[in-house]
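Residues per chain, in single letters:
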Protein chains: 2
Amino acid sequence: MRVIELHKSVTDSNDRDAEILRQQLESRGILLINLMSSAGSGKTTLLERTITDLKDKVNIAVLEADIDASVDAERIEALGAQSVQVHTDGMCHMDAGMTAEGLKAMDLENTDIAFLENIGNLICPAEYATGASRNVMILSIPEGDDKPLKYPLMFEESDVLLITKTDTKPYFRFDMEKCVERVRFLNPDIKIYPVSAKTGEGMEEWEKWLMEQSAIIKGKVK
Amino acid sequence: MRVIELHKSVTDSNDRDAEILRQQLESRGILLINLMSSAGSGKTTLLERTITDLKDKVNIAVLEADIDASVDAERIEALGAQSVQVHTDGMCHMDAGMTAEGLKAMDLENTDIAFLENIGNLICPAEYATGASRNVMILSIPEGDDKPLKYPLMFEESDVLLITKTDTKPYFRFDMEKCVERVRFLNPDIKIYPVSAKTGEGMEEWEKWLMEQSAIIKGKVK
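An account of the accompanying structure is given in this report.

Rules used in this analysis
Residues numbered from 1 in each chain as written. Chains lettered and ligands numbered in written order. Predicted model: local features only at pLDDT ≥ 70, side-chain atom pairs only at ≥ 80, totals over all residues. Heavy atoms only, no water. Helix = DSSP H or I, 4+ residues; strand = E, 2+ residues; numbered from the N terminus. Buried < 20%, exposed > 50% of the residue type's maximum accessible area, 1.4 Å probe, protein only. Expected span 1.5 Å × (residues − 1). Arc of directions from axis to C-beta. Salt bridge = Lys/Arg side-chain N within 4 Å of Asp/Glu carboxyl O. Axes fitted to C-alpha atoms, helices over the stretch in contact; angles between N-to-C directions. Parallel < 35°, antiparallel > 145°, perpendicular 65-115°, else oblique. Contact = heavy atoms within 4.5 Å. Nonpolar A, V, L, I, M, F, W, Y, C, P; charged D, E, K, R; others polar. Least-squares fit on C-alpha atoms with pLDDT ≥ 70 in both. 1 Å grid on protein atoms, 1.4 Å probe; cavity = no way out; pocket = protein on both sides within 12 Å on 5 of 7 lines; lining within 4 Å. Points joined across faces, edges and corners; volume = space filled by probe spheres on them.

**Here we look at unusual backbone geometry**
Residues and elements named next belong to chain A. Of note in this structure, Lys165 is not a glycine but carries a positive phi near 60°. For Lys165, the location among the structural elements is in the loop between β7 (160–164) and α7 (176–186). Judged by relative accessible area, which is 14%, Lys165 ranks as buried.

Spelled out as structure tokens, the structure:
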């Protein structure tokens, strides 16, 4: 496993860089997913379960972004999947230049789906395009159903919302209906999948969506 | 309840502004506490319980900082405590100028302890002095014991770590001993209080610390 220390991108044209990176990846049939959430919402656990469930169907690689440590990349590697850890020099988000630099350290030849596990932060990552073809965000039950009210941008920017840790629902005041309503108000087109990576509840639908998106990207390479 | 829209501070001298604000507040016997954590870790719930427990002993006011909405300020006001909501114009942290502007909208005449409930974000708020006399951070059990490894700065900058939602411990893999060890490695002097605002477990020790700090600040006004 490689650890890379990143520094602020020098370019001012992040949106353009993101578009170039996205096109490069799609032309190779690679679906890059930008996975965003607050710290501790279960991004790595969700990826562990997804990789395990889909390992006979697709090759998944993970770019782990953190300010420090490499515990997440180690967890992904333990499953036999490719993982690269990037450190962001204290920065609270990933941009397209940083993502491209991290991906350079990966062997993408046989990769179907690459996840960028963004910095654990419900705010800043939503402001920066990364080059991903799809944005997926996680909100976990313990965080509360009021998060769409307080941090609207990420909900607006995401194609999918995974509501995770549904197995802990009996333990928390979390109004699923109210939460979904708040999210749909911000983003009528977003797909919402309540899942538990622990019990497996709801994982099938999410994984079906993922496989479909991979097929769409591969279908473009003709 | 007032809602204030904040914009980026124009000053480059945040540390100096913070020091001036801290001295102004302390000269009036007011303890300002900067309460930081990830989104959804239970800052408002912790404050609700603390205000309820201490309401016969001290006057507590809360400055609620969010990107949008005012649900937290409404919860604090429902307890009869003073609360002002500030909106941060999309920004992921509070600085000293923003804090001073928010406090201007409060009646601090009879306030003993003012809390700044910072933006829910485990990263950026730790980088900006706010003018608070003490930094207190929350890590909730569902977020996981690896957070000190991944987001070290906030643990380094805090005087107190509240490990919240201890009532949910049976539900999560959270190694308390390992977590405390990781935190102490970053910050040997930090006070650590495991608490549950739901059951009241551990609240007494935290509230004792809070009352002591208020007495220290008031003792300086001579």
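**Brief notes about helix α8 (residues 203–220) of chain A**
Residue and element names in this part refer to chain A. For α8, which comprises 18 residues, the first-to-last C-alpha distance of 26 Å matches the rise-based estimate of 26 Å (1.5 Å per residue) to within 8%. Among the residues making up α8, those that are buried are Met203, Trp206, Glu207, Trp209, Leu210, Gln213, Ser214 and Ile217. Buried residues in α8, looked at end-on, bunch into an arc of 155°, giving them a common side. Exposed residues on α8 whose side chains face more than 90 degrees from its buried face are Glu204, Glu205, Lys208 and Ala215.

**Quick look at the pattern of salt bridges**
Taken as a whole and assessed by the stated rule, the structure comprises 22 salt bridges over all chains. In this structure, the salt-bridge partner of Arg75 of chain B is Glu48 of chain B, at a minimum N-O distance of 2.9 Å. Of this pair, Arg75 of chain B sits in helix α3 (residues 71–77) while Glu48 of chain B sits in helix α2 (residues 43–54); the two residues are 27 residues apart in sequence, bridging distant segments of the chain. You can call Glu48 of chain B buried: its relative accessible area is 18%. The salt bridge partner of Lys218 of chain B is Asp112 of chain B, with a shortest N-O separation of 2.8 Å. Taken together, the positions of Lys218 of chain B in helix α8 (residues 203–220) and Asp112 of chain B in the loop between α4 (96–104) and β5 (113–120) put the pair 106 residues apart, joining distant regions of the chain. Given the relative accessible area of 34%, Lys218 of chain B is considered partly exposed. Taken together, the salt bridges that share partners define one network made up of Glu19, Arg22, Glu26 and Lys220 of chain A.

**Brief notes about the packing of helix α2 (residues 43–54) of chain A against α8 of chain A**
Packed helix pairs are specified by the crossing angle of their axes together with the interaxial distance, meaning the distance between the axes. Residues and elements named next belong to chain A. Running from amino to carboxyl end, α2 crosses α8 at an angle of 70°, the nearest separation of the two axes being 11 Å. Relative to α8, α2 is oriented roughly perpendicular. Contact with α2, carried on its side by Leu46, Arg49, Thr50, Asp53 and Leu54, involves Met203, Trp206, Glu207, Leu210 and Met211 of α8 and no other residues of that element. Residues that form the contact of α2 with α8 fall into these classes: six nonpolar, one polar and three charged.

**What about the relation of the copies chain B and chain A?**
For the pair chain B and chain A, the relating rotation is 180°, the translation along its axis is 0.0 Å, and the fit reaches an RMSD of 0.0 Å. Seen this way, the second copy is the image of the first under a two-fold rotation axis. It is Asn121 of chain B whose C-alpha, among those of chain B, lies nearest the rotation axis, at 3.0 Å. The fraction of interface residues of chain B whose copies in chain A are also interface residues reaches 97%, indicating that both copies meet through the same surface.

**Considerations on empty space enclosed by the protein**
One simple way to see leftover space: roll a probe sized like a water molecule over the atoms. Scanning all chains against the criterion turns up one cavity of 30 Å³ or more. Its volume calculated, the largest cavity comes out at about 50 Å³. In terms of residue class, the lining of the largest cavity is built from four nonpolar, six polar and three charged.

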